[in-house]
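# Architecture at a glance
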Amino acid sequence: IWAGVWGWVTIPIVFVTSFAFLGLEGAAQEVECPFQKNRPNHLNMDAYCLVLLANIQQILQHAADREIEKEKVAERERSRLEKPETAL
């Protein structure tokens, strides 16, 4: 359509456009299968899973510690209320 208007400028424009589209295609192929170990830019899924497991364990441990601390505080409060206060 624009070849008559652009003339010889069409060749570099087509080259740059093709280069951009081929670059996008290459990037799309790289991110298509990110966890395959035979690819140069793969993501280490094993390490990712281990870090995730460690984070989950830390969250569970923190929640358990808070629950134990709550029970201790409640027990101290119950024992304090059950003791008869000695008058001075």
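Residues numbered from 1 in each chain as written. Predicted model: local features only at pLDDT ≥ 70, side-chain atom pairs only at ≥ 80, totals over all residues. Heavy atoms only, no water.

### As for the packing of aromatic side chains
Our working rule: Pairing of aromatic side chains requires ring centres within 6.5 Å, counting the rings of Phe and Tyr and the six-membered ring of Trp. Pairs whose planes differ by under 30 degrees are stacked, by over 60 edge-to-face, and all others tilted. Put simply, DSSP H or I for four residues or longer makes a helix, DSSP E for two residues or longer makes a strand, and each gets a number counted from the N terminus. Accessibility here uses a 1.4 Å probe with only protein chains present; expressed as a share of the type maximum, an area under 20% marks a residue as buried, one over 50% as exposed, and anything in between as partly exposed.
Applying the stated criterion across every chain, the model contains one aromatic pair. Taking the centre distance of 6.4 Å and the plane angle of 25 degrees together, the rings of F15 and F19 count as stacked. Of this pair, F15 and F19 both sit in helix α2 (residues 10-32), separated by four residues, roughly a single helical turn. By the burial criterion, F15 is exposed, and F19 matches it.

### Brief notes about the confidence of the model for the chain
Filter applied, for reference: Note on scores: pLDDT gives the predictor's confidence for each residue, bounded by 0 and 100.
Averaged over every residue, the pLDDT of the chain is 87; the share at 70 or more is 91%. Looking at the elements of the chain, mean pLDDT is at its lowest for helix α1 (residues 3-6), recorded as 74, and at its highest for helix α3 (residues 45-82), recorded as 93.

### Remarks on a nonpolar patch on the surface
Our working definition: Note on patches: the residues involved have over 30% relative accessible area and no salt bridge, like charges join within 9 Å, and the nonpolar side chains Val, Leu, Ile, Met, Phe, Trp and Tyr join within 5 Å. Using the Shrake-Rupley algorithm and a 1.4 Å probe, accessible areas are obtained, with residue cover drawn only from the displayed protein chains. For salt bridges, the criterion is a side-chain nitrogen of Lys or Arg within 4 Å of an Asp or Glu carboxyl oxygen.
On the surface, F35, L43, M45, Y48, L52, I56 and L60 cluster together to form a nonpolar patch covering roughly 690 Å² of accessible area. Among the structural elements, L60 can be located in helix α3.

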